[in-house]
Amino acid sequence: MSMKIIWTLSLLLLSRGAVHGQNCEQPNCGYLDEEQHANFTHITGINEFAWIGRLGYESARGINYKCLAVLISEQHLLAPAHCFNEAMLEDQPLRHVLLGDWNPTNPFMQPDCSAQTNCAAIPQLFSIAEVIIHPDYQASTLLNNIALLKLTHALDFSESIRAICLPPYRGSSTSYAHFAQFLSYAGFAVDKSLPFKLKGLMHVAGTSACKRKLRNLNYITASRDSPLNHICANSNLDAQIFTGAPLMDVQVRDSEPSNYYLVGLLVGPDRYTGSETVNLFMRIQPHREWIEYNMLCNSTAATATPTTAATTTTPRTTSTATTPRTTTTPSVEARLTQYNRLVFH
C-alpha cells in the first residue's frame, strides 16, 4: 500500500458557486441519541461519537496512536495538518486509521464491552491512500491547521462506525460562531492508562478573549484573523485529549434535536504561558468549500472543480515517509507554476 501527501491550491480556478451548495452530506450523518447526549458522565456510550478515529504511526515499540481523525464520509476524514509534519513521519510513518474503538487499553482485535456487557463490533483498521494538507497551513502561526484524508477504499457504516455531518452553511463564516455556548467534544486521553473514549463540554470564549489567549500563547498572526478562524474554549474534563478531537453542536429541525455536526478540530494546547491554558479548535465552517472541493462529492463536482495538486511528493510506501514541508507555504504563483509542470509536461 502506498500513500501520498499533497498540497492543493487554495485558489478556486472556476466559480466558487460550482462547489457551494453541493450535497456532500452523508445520509444519516451525525447520529444523535438524546439519552446519551443528556448523560453528563465523562465516559461515552460504547457506540457514541462513532466518527472518531485514531491515527496509528509505526514506532520501534509498535503502533503509536497520537492523533485523532474525524470521519465525514465513507472514504474521507479530517485531521489537524500538524499530524503529518515531515519530521514526525520520517521518524514514525503513518500506517492506518483505527475506527470503531472505545477502550484503547483493550487489544484492538477484540470487541470492547461495557460493564453492562454491551459489546461493540471489533474495531477496524483502514489504510490511508492520500493526505491533502491545506496549502496555506503554517505550523508557526497555527493557521489553516487542517488536512483531508482519503481511505484506499470506501467503508461500510455500522453502529460503531459512522460519519458526522459537516457544519451547515450560514451565509458568512462569522454568523454561527458559537460564542458563549457549551459544546460537546470527545476523544481519547493522552494518558494511555485511561480507558474508554471520553467526552466533556467546552465553554466557547468570545472573540476578544480568544484573541487575547492566542496572543498570550504567542500565536500573534492567528490572533489577527478577521473573522477569527479559531475557537478558544475551556473544558470541564481534566484529562488532556489527543489533538484532532471533534468539537460538536446539535442541528435542530422542527424544534427537535436532529444530529451532531462538526464545529472544530482540537489543534492545541501545545504552549502554555504561566497559568494560561486554553483548548484551541480549528473552525470547520470557513474550510467547508475547500473540503468539498477536494472530496469531489459527485461527477458534477469532479468536472467543475478538479483537485489540483500543487506539489506532489513521490508516492511513498509505508516504510519510507516523505512529506511536504509544512512550516512554509509556497506562493499561489509558485504552486500554479509547479502544477502546470505536472500537468502539461
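Note that the structure is predicted; figures quoted are calculated from it, not measured. (Residues numbered from 1 in each chain as written. Predicted model: local features only at pLDDT ≥ 70, side-chain atom pairs only at ≥ 80, totals over all residues. Heavy atoms only, no water.)

**Observations concerning the overall build of the chain**
Across its full length, the chain carries 7 helices and 16 strands. Taking all 345 residues of the chain together, 52% fall into the buried category. The long-range fraction of contacts in the chain, counting pairs at least 24 apart against all pairs at least 6 apart in sequence, stands at 73%. Accessible surface for the chain amounts to roughly 15200 Å². Of this, 50% is attributable to carbon and sulfur atoms. (Helix = DSSP H or I, 4+ residues; strand = E, 2+ residues; numbered from the N terminus. Buried < 20%, exposed > 50% of the residue type's maximum accessible area, 1.4 Å probe, protein only. Contact = heavy atoms within 4.5 Å. Areas by Shrake-Rupley, 256 points an atom, 1.4 Å probe, with all protein chains shown as cover.)

**Quick look at unusual backbone geometry**
One non-glycine residue, Phe 196, lies in positive phi territory at about 75°. Looking at the secondary structure, you find Phe 196 in the loop between β9 (182-187) and β10 (198-204). Of the residues examined, Phe 196 reaches a relative accessible area of 23% and is grouped as partly exposed. Of note in this structure, Asn 218 is not a glycine but carries a positive phi near 70°.

**Focus on the sheet that holds β10**
Sheet architecture is closed into a barrel: 6 strands sit in the order β9-β10-β11-β14-β13-β12, paired in antiparallel fashion. Strand-to-strand twist across the sheet, computed as the mean angle between neighbouring axes with direction ignored, equals 45°. As defined by bridge partners, β9 adjoins β10 across 6 bridges and the pair is classed as antiparallel. Directly across from Phe 182, in β10, lies its bridge partner His 203. Relative to the sheet, helix α3 (residues 207-216) contacts β11 (230-235) and β14 (279-283), its axis offset from that of β11 by approximately 90°. (Pairing = 2+ DSSP bridges. Axes fitted to C-alpha atoms, helices over the stretch in contact; angles between N-to-C directions.)

**A look at the pairing of β10**
In terms of burial, β10 is a largely internal element, 5 of the 7 residues being buried. Note: β10 against β11, 3 bridges, orientation antiparallel. Paired with His 203 across the bridge in β11 is Asn 234.

**Considerations on the environment of Gly 200**
Relative to the assigned elements, Gly 200 resides in strand β10. Along the chain, Gly 200 and Ser 184 lie 16 residues apart, while their C-alpha atoms are 6.0 Å from each other. Beyond its immediate sequence surroundings of up to four residues, Gly 200 is in contact with His 42, Leu 183, Ser 184, Tyr 185 and Asn 236.

**Topic: the pattern of salt bridges**
Taken as a whole and assessed by the stated rule, the structure comprises 4 salt bridges. Here Glu 48 ties to Lys 199 by a salt bridge, and the two come within 3.1 Å at their closest N and O atoms. Taken together, the residues Glu 48 in the loop between α1 (34-37) and β2 (52-59) and Lys 199 in strand β10 connect sequence positions 151 residues apart. The class of Lys 199 is buried, set by a relative accessible area of 7%. Measuring nitrogen to oxygen at the nearest pair gives 2.8 Å for the salt bridge that ties Arg 288 to Glu 292. One end of the pair, Arg 288, and the other, Glu 292, are both in helix α5 (residues 288-295), 4 residues apart, so they sit about a helical turn from each other. Assessed through its relative accessible area of 5%, Arg 288 is described here as buried. Of the residues examined, Glu 292 reaches a relative accessible area of 1% and is grouped as buried. (Salt bridge = Lys/Arg side-chain N within 4 Å of Asp/Glu carboxyl O.)

**A word on the state of the cysteines**
According to the stated counting rule, one finds 4 disulfides in the structure shown. With a sulfur-sulfur separation of 2.1 Å, Cys 67 is cross-linked through a disulfide to Cys 83. What sets the handedness of the Cys 67 and Cys 83 disulfide is the S-S torsion sign, and at about -90° it is left-handed. Taken together, the positions of Cys 67 in strand β3 (residues 62-71) and Cys 83 in the loop between β4 (76-79) and α2 (86-91) put the pair 16 residues apart, joining distant regions of the chain. What makes Cys 67 buried here is its relative accessible area of 4%. The side chain of Cys 210 participates in a disulfide bridge whose partner is Cys 232; the two sulfur atoms lie 1.9 Å from each other. Its S-S torsion of about 65° marks the bond between Cys 210 and Cys 232 as right-handed, since a negative value means left-handed. Linking Cys 210 in helix α3 with Cys 232 in strand β11, this pair joins segments that are 22 residues apart in sequence. A single burial state applies to Cys 210 and to Cys 232, both of which are buried. (Disulfide = S-S within 2.5 Å.)

**Quick word on the side chain of Ser 184**
In this structure, Ser 184 sits in strand β9. Ignoring any residue separated from it by four or fewer positions in sequence, one finds Ser 184 in contact with His 37, Gly 200, Leu 201, Pro 246, Leu 247, Met 248 and Tyr 260.

**Some points on the side chain of Asn 103**
If you trace the backbone, Asn 103 turns up in the loop between β5 (94-99) and β6 (124-126). According to the relative accessible area criterion, Asn 103 is buried, its value standing at 13%. A distance of 2.6 Å separates a polar atom in the side chain of Asn 103 from a polar atom in the side chain of Thr 105. (Polar contact = N/O pair within 3.5 Å; in protein donor to acceptor, adjacent residues only side chain to side chain.)

**Regarding the confidence of the model for the chain**
Reading predicted coordinates in detail is not appropriate for stretches of low pLDDT. Summary statistics for the chain give a mean pLDDT of 78 and a share of 74% for residues scoring 70 or more. In the model of the chain, strand β16 (residues 316-317) stands out as the element of lowest mean pLDDT, 30, in contrast to β4, which has the highest, 98. Predicted confidence for residues 9-22 stays below pLDDT 50, and this span has 33 contacts to residues more than four positions away or in other chains. Predicted confidence is poor over residues 298-345, with pLDDT under 50, and the contacts of this stretch with residues over four places away or in other chains come to 98 contacts. (pLDDT = per-residue confidence, 0-100.)

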